[in-house]
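Spelled out from the first residue to the last, the chains are:
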Amino acid sequence: MQMRYSGQKNILTDLLYRPAYRPWRHLFIVTAILATTLSQSFFVLGSSPAIPTGTIYFFGAGLAACTLAVIYVNIYLLAPHFLSQRAYASYLLALLLLVSGLVFAKYGVEYAIFADAGLHRTWNGITVLDGLSNMMLYTICVASTSIPFLFRQLVTDQAEIEHLENKRLKNSIEEIKNRIQPKFLYATLGYAAEKVKAAPRQASDTLFRLSELLRYQLYDSARSRVLLASEITFIQNYLQLHRQNSGGRFSFDLSVSGNTHRLVPPAALTPAMQEILRHHPETLLLEIHIEDTLVRLTGKASGKDFIKTDFSQTEQKLTWLYNPDTRIRKEADTVTLNLHIVC
């Protein structure tokens, strides 16, 4: 069974984490950094006529190279090492130290260029604030390049969560397919033991129905598909035995319409039926209607209000394992399961 990816695919997510778009991501980073550093160089150094234009270009290119070096150290060393271990505080500290070195080197080179041109910069509170703001801006800029790594990690984690959830639900439905509740089994065997002498034919019929249940769960449920008729027979036998075990406190009526010679997943209808019985209805009317790929099970229990009953787990199990179009609709005393079977 293929695992479904729940995220909405679009060009932004492709650009963020798909390997095919890696050259475009690097081209965007290099272009943005080069344009930013050149603009910043002309803003800081271009106001002085004593500083040659070539020096400004050389400083801007050197600053771009150093900034890119810091960015790629973050992409290939810091982010994989710290973020993969969820060590966010250590990552932030290492990143601040790295960016601090870049900012101090930048200011040092700027000071040397001004001094070589005969200009002397004074250090004051504004210079310190400018340096701190530059450090924060560079930190944000460099940290933003970790977004593709974080996004890939998010996608991987989401896929792993869906895989584990899928496995848990599959194990849960396998438990439904392969297990008869011990209470139900003991009550059935106890009923048969009581009837052995008084009504041997009735006891034999009970044991026959029980053997049919066990055969279905041991053999048929191990297959990927079973006949819908077999599933309906299982439900009918189960309800018959449940009526016997209740001592006359439960009655049911089962009607079927449509072509039952269709292949369906095993235990496709059983979870909804068992969830209804869990509320101990006195009377249960079951209708199973088959039309094309739709199998509709409608259960009407007199005196029971299913509005507040939570069928979400049952619906989720069937949705994950069989078809995303599975729907359970609740009314005052009626539960309807719509199951679309993919042939």
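Right above here is the structure, for reference.
A quick note: this is a predicted structure, and the numbers were derived from the prediction, not measured.

Colleague: So what's going on with the overall build of the chain? Which residues, and what values?
Modeller: From N to C terminus, the chain includes 11 helices and 7 strands. Taken across its 343 residues, the chain has 40% of its residues classed as buried. When contacts within the chain are restricted to residue pairs at least 6 apart in sequence, long-range pairs at least 24 apart make up 71% of them.

Colleague: I'd like a rundown of helix α5 (residues 125-144), residues and numbers included.
Modeller: The terminal C-alpha atoms of α5, which comprises 20 residues, lie 29 Å apart, in line with the 28 Å expected from a rise of 1.5 Å per residue. Listed in full, the buried residues belonging to α5 are T127, G131, N134, M135, Y138, T139 and V142. Down the axis of α5, the buried set is contained in an arc of 135 degrees. They therefore lie on one face. Within α5, the exposed residues directed more than 90 degrees away from the buried face are I126, L129, L137 and I140. Turning to α5, the residues buried within the fold contact α2 (22-45), α3 (53-82) and α4 (88-116).

Colleague: Give a detailed account of helix α8 (residues 200-218), specifying residues and quantitative values.
Modeller: In a regular helix each residue adds 1.5 Å, so 19 residues correspond to 27 Å; α8 covers 26 Å between its end C-alpha atoms and thus fits that length. Those residues of α8 not exposed but buried are A203, T206, R209, L210, L213, Y216 and Q217. Projection of α8 onto a plane perpendicular to its axis shows the buried side chains occupying an angular sector of 155 degrees, all on one side. Seen from the buried face of α8, the exposed residues on the opposite side, beyond 90 degrees, are R201 and L218.

Colleague: Requested: an account of the packing of α2 against α3, with residues and values cited.
Modeller: Here α2 crosses α3 at 140 degrees, and the two axes come no closer than 8 Å. One way to sum up the angle between α2 and α3 is to call them oblique. Crossing of α2 over α3 shows right-handed handedness. Taken together, the residues that form the contact of α2 with α3 break down as 18 nonpolar, 7 polar and no charged.

Colleague: So what about the packing of α8 against helix α9 (residues 228-245)? Which residues, and what values?
Modeller: Axis separation between α8 and α9 bottoms out at 10 Å; the angle between their running directions is 140 degrees. In this view, α8 runs oblique relative to α9, as classed from their interaxial angle. Handedness of the crossing formed by α8 with α9: left-handed. Residues D205, T206, R209, L210, E212, L213, Y216 and Q217 of α8 form the contact with α9, whose own contacting residues are S230, E231, F234, N237, Y238, Q240, L241 and Q244. Residue composition of the contact of α8 with α9, by class: 6 nonpolar, 6 polar and 4 charged.

Conventions adopted
- Residues numbered from 1 in each chain as written.
- Predicted model: local features only at pLDDT ≥ 70, side-chain atom pairs only at ≥ 80, totals over all residues.
- Heavy atoms only, no water.
- Helix = DSSP H or I, 4+ residues; strand = E, 2+ residues; numbered from the N terminus.
- Buried < 20%, exposed > 50% of the residue type's maximum accessible area, 1.4 Å probe, protein only.
- Contact = heavy atoms within 4.5 Å.
- Expected span 1.5 Å × (residues − 1).
- Arc of directions from axis to C-beta.
- Axes fitted to C-alpha atoms, helices over the stretch in contact; angles between N-to-C directions.
- Parallel < 35°, antiparallel > 145°, perpendicular 65-115°, else oblique.
- Left-handed = near helix turned anticlockwise from the far one by under 90°.
- Nonpolar A, V, L, I, M, F, W, Y, C, P; charged D, E, K, R; others polar.

Keep in mind these numbers describe shape, not what the thing actually does.
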